[in-house]
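Each chain, written out:
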Amino acid sequence: MPHTQTQTQTQRLIAVSNRVAVGTDGESANRGGLAVALAAALRQSNGIWFGWSGEQTEEFTGQIAFHRADGVATATIDLEAQDIDEYYNGFANRTLWPLFHYRLDLTEIARDFAGGYARVNERFADTLAPLIAPDDLIWVHDYHLMPLGSQLRARGFANRIGFFLHIPWPPPSLLMSLPGHRELARGMLDYDVIGFQSEEWRQAFIDYATVQFEATLEAEALRLGERCTRLLVCPIGLDIDDFAGAVHSMAAKQTESRLVTSAVGRDMIVGVDRLDYSKGLQERFAAYELLLTDHPELREKVSLLQIAPPSRGDVASYRQIRADLDALSGHINGAFASIDWVPIRYVNQGYSRDELFGIYRAARVGLVTPLRDGMNLVAKEYVAAQEPADPGVLVLSRFAGAAAQLPQAVLVNPHSIEDIAEGIARALAMPLAERQERHQAMLATITKHDVLWWSETFMAALAEQPDEAPAPTSTNVARLPDAASARR
Ligand code: ADQ
């Protein structure tokens with residue numbers, strides 16, 4: 001049934017994501033920015049967060065486990081082994097993730113994967129359906145659940161339903177290599193609002209939908225028949241107050257001073273990434289090797305700390321990258337180390353937010369060089385952790401969504417080891433006044449467009465009735481810095 005009433009802030013939010021990122025035992029399992037932002041919106045509206053528990057069950061029953069964690073109601077379901085293989089490890093992580101990160105070479109096309117993906121999205125829709133009231137706002141997250149909106153429409157739900165894509169949307173020519181691409185993309189137009197991390201991903205979606213479906217662009221919405229989908233550029237941010245609050249924590253101070261003490265007279269370069277082929281780690285290591293080769297004066301004067309906890313170990317391409325990086329770091333250390341200097345410290349574990357803050361702060365250069373990334377929060381965390389009077393320099397991939405918001409970083413082409421090496425050398429030599437100026441500008445952006453701004457902006461668009469939708473100059477859409485003003 002169509003909405004006619006004016007919507008208010010009190011409408012209940014149902015957030016849906018593959019995993020629910022708050023603990024089910026009263027503890028926070030993963031207090032990432034997403035958890036914080038959604039938790040605030042969910043608490044405010046007395047909402048529910050629905051998703052997979054992460055647990056496996058013998059046979060799917062659709063039984064929902066309800067919990068309350070940190071004041072947030074969660075509803076989770078268990079999946080059976082075949083679902084996890086075909087939907088999560090299969091279509092999500094072996095088909096969509098590589099394809100949407102422009103890695104056609106790693107994209108696995110398998111009918112079972114597509115079938116499992118459709119089945120699990122139907123299971124999500126069937127299980128969620130009884131929880132939905134007519135006025136609820138539904139916010140679906142990420143590439144695991146793209147068809148969920150159309151699955152809910154097929155079950156008769158006329159609620160406002162929005163979708164946020166955390167990763168890039170690929171160019172049409174890449175997407176078209178996926179069997180079933182039309183159905184997948186067509187389903188997206190059943191959402192009322194789609195949020196993208198950057199204008200580039202939004203434009204790629206428009207390019208595809210206007211050609212494949214003859215959808216028409218009206219202001220910032222795509223119209224296809226009766227349905228109108230608003231396309232929002234809404235970059236995710238940090239929980240800035242919480243993150244910057246780590247400056248007072250004992251763990252941050254201890255970690256920073258431990259690193260500073262161990263690196264007397266040396267500049268530390270830091271990388272912090274999930275171990276993933278999209279993060280450009282092999283190229284990064286090769287660039288560091290080139291830096292040491294071309295700049296002998298930097299040997300013994302710099303060190304690279306790369307933190308990369310393994311992820312998705314069930315997928316072969318992830319085991320491969322791990323083996324590659326072990327070999328590369330061993331090779332570089334073998335070639336350059338001296339009795340009291342190790343060029344690369346490569347650490348495969350996770351750290352707490354406070355420890356990460358201390359690590360970022362001790363580093364003269366933050367090296368963030370993904371080959372492709374929806375946003376990249378590490379870039380923002382590195383900037384937020386710096387001491388404004390003596391900040392380090394962010395070296396950032398042009399192909400991360402974050403580059404559109406942070407043109408004051410030293411932007412590099414992550415495919416070119418020469419460009420990365422030159423960027424690191426520039427960062428290491430940068431005078432204090434320039435470092436301060438660049439840092440100040442980036443910090444202002446990160447502070448203004450934090451994670452609460454992100455969720456409030458999306459929620460405002462979701463709650464808006466179609467005839468209330470603003471003209472294209474709306475101020476609730478991120479006005480991103482002019483890329484032309486970017487300094488290399
Ligand atoms: P990710 O690909 O996981 O996220 P990213 O945005 O960098 O990438 O987020 C990683 C988070 O994990 C950061 O908050 C970081 O601090 C944390 N992390 C990484 N290594 C860690 C370690 N060793 N110890 C502890 N914490 C660690 C996806 C998309 C991104 C998008 C986000 C959010 O791929 O492009 O920015 O979602 O939308």
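The structure displayed is predicted, hence computed values, not measured ones. (Residues numbered from 1 in each chain as written. Predicted model: local features only at pLDDT ≥ 70, side-chain atom pairs only at ≥ 80, totals over all residues. Heavy atoms only, no water.)

(A) Region of interest: the packing of aromatic side chains. For the structure shown, the criterion picks out 20 aromatic pairs. Here Phe 50 and Phe 124 contribute two aromatic rings whose centre-to-centre distance is 5.6 Å and whose plane-to-plane angle is 85 degrees, an arrangement assigned as edge-to-face. One end of the pair, Phe 50, is in strand E2 (residues 48-57); the other, Phe 124, is in helix H3 (residues 111-128), with 74 residues separating them in the sequence. Each member of the pair, Phe 50 together with Phe 124, is buried. With a centroid separation of 5.9 Å and 70 degrees between ring planes, the pair formed by Tyr 208 and Phe 213 is classed as edge-to-face. (Phe/Tyr/Trp six-rings, centres within 6.5 Å; stacked < 30°, edge-to-face > 60°. Helix = DSSP H or I, 4+ residues; strand = E, 2+ residues; numbered from the N terminus. Buried < 20%, exposed > 50% of the residue type's maximum accessible area, 1.4 Å probe, protein only.)

(B) Here's a closer look at the site of the ligand. Taken together, 22 residues are adjacent to the ligand, and His 166, Tyr 351, Asp 373, Met 375 and Glu 381 come closest. Separating an oxygen atom of the ligand from a side-chain N or O atom of Asp 373 is a distance of 2.6 Å. Measuring from an oxygen atom of the ligand, one finds a backbone N or O atom of Met 375 at 2.8 Å. Protein contact buries 80% of the 720 Å² of open area that the ligand shows by itself. Those elements that place two or more of their residues in the shell around the ligand are helix H12 (353-362) and helix H13 (377-385). Here the element with the most residues in the shell around the ligand is H13; it accounts for 3 residues. Tallied by class, the residues present in the shell around the ligand amount to 11 nonpolar, 6 polar and 5 charged. Each of domain 1 (5-237 + 451-483) and domain 2 (240-448) accounts for three or more of the residues forming the shell around the ligand. (Near = heavy atom within 4 Å. Polar contact = N/O pair within 3.5 Å; in protein donor to acceptor, adjacent residues only side chain to side chain. Areas by Shrake-Rupley, 256 points an atom, 1.4 Å probe, with all protein chains shown as cover. Nonpolar A, V, L, I, M, F, W, Y, C, P; charged D, E, K, R; others polar. Domains from an automatic or database assignment.)

(C) Broad picture of the sheet that holds strand E3 (residues 65-69). Strands sit in the order E3-E4-E2-E1-E5-E6-E7-E10-E9-E8 across an open sheet of 10 strands; the sheet is mixed. At either margin of the open sheet sits one strand with a lone partner, and together these are E3 and strand E8 (216-218). Averaged over neighbouring strand pairs, the angle between their axes works out to 25 degrees when direction is ignored. Taken strand by strand, helix H7 (residues 199-212) contacts strand E7 (193-196), E8, strand E9 (221-224) and strand E10 (227-233), and its axis lies near 155 degrees from that of E10. (Pairing = 2+ DSSP bridges. Axes fitted to C-alpha atoms, helices over the stretch in contact; angles between N-to-C directions. Contact = heavy atoms within 4.5 Å.)

(D) Highlighting the sheet that holds strand E14 (residues 365-368). Spatial ordering of the open sheet is given by E13-E12-E11-E14-E15-E16, a layout of 6 strands whose pairing is parallel. Here the strands that pair on one side only, and so sit at the sheet edges, are strand E13 (344-347) and strand E16 (410-412). Taken over all neighbouring pairs, the strand axes of this sheet differ in orientation by 20 degrees on average, direction set aside. Taken together, the 4 bridges between strand E12 (residues 302-307) and E13 define a ladder with parallel strand orientation. Directly across from Leu 305, in E13, lies its bridge partner Arg 345. Across the face of the sheet, helix H15 (residues 417-429) comes into contact with strand E11 (267-272), E12, E14, strand E15 (393-397) and E16 while running at roughly 170 degrees to E16.

(E) Inspection of helix H2 (residues 81-100) at higher detail. Here H2 contains 20 residues, and its C-alpha end-to-end distance of 25 Å is more than 12% below the 28 Å for a straight helix at 1.5 Å per residue. Most pronounced at Gly 90, the bend in H2 amounts to some 40 degrees. Within H2, 15 of the 20 residues are buried, leaving the element largely enclosed by the surrounding structure. Once H2 ends, the next one or two residues include Tyr 102, with phi positive near 65 degrees. (Expected span 1.5 Å × (residues − 1). Bend = angle between axes of the 7 residues up to and from the residue.)

(F) Spatial organisation of helix H9 (residues 250-262). Over its 13 residues, H9 runs 18 Å from end to end, which matches the ideal 18 Å to within 8%, given 1.5 Å per residue. Among the residues of H9, Ala 252, Thr 255 and Leu 259 are the ones counted as buried. Across the axial projection of H9, the buried residues extend over an arc of 75 degrees, all falling on one side. In H9, the exposed positions angled more than 90 degrees off the buried face are occupied by Met 250, Arg 258 and Thr 261. Those residues of H9 that are buried are in contact with E11, E12, E13 and H12. (Arc of directions from axis to C-beta.)

(G) Inspection of the pattern of salt bridges at higher detail. Under the defined criterion, the tally for this structure stands at 27 salt bridges. Across the pair Arg 155 and Asp 126 runs a salt bridge, and its minimum N-O distance is 2.7 Å. Taken together, the positions of Arg 155 in the loop between helix H4 (148-154) and strand E6 (161-164) and Asp 126 in helix H3 put the pair 29 residues apart, joining distant regions of the chain. On the basis of relative accessible area, Arg 155 is assigned to the partly exposed category, the value being 30%. Two residues, Arg 361 and Glu 256, come together in a salt bridge whose shortest N-O distance is 3.3 Å. Remark: Glu 256 occurs in helix H9 and Arg 361 occurs in helix H12; sequence separation between them is 105 residues. You can call Glu 256 partly exposed: its relative accessible area is 23%. Salt bridges here are not isolated pairs; linked through shared partners, they connect Glu 80, Asp 83, Glu 86, Arg 119 and Arg 123. (Salt bridge = Lys/Arg side-chain N within 4 Å of Asp/Glu carboxyl O.)

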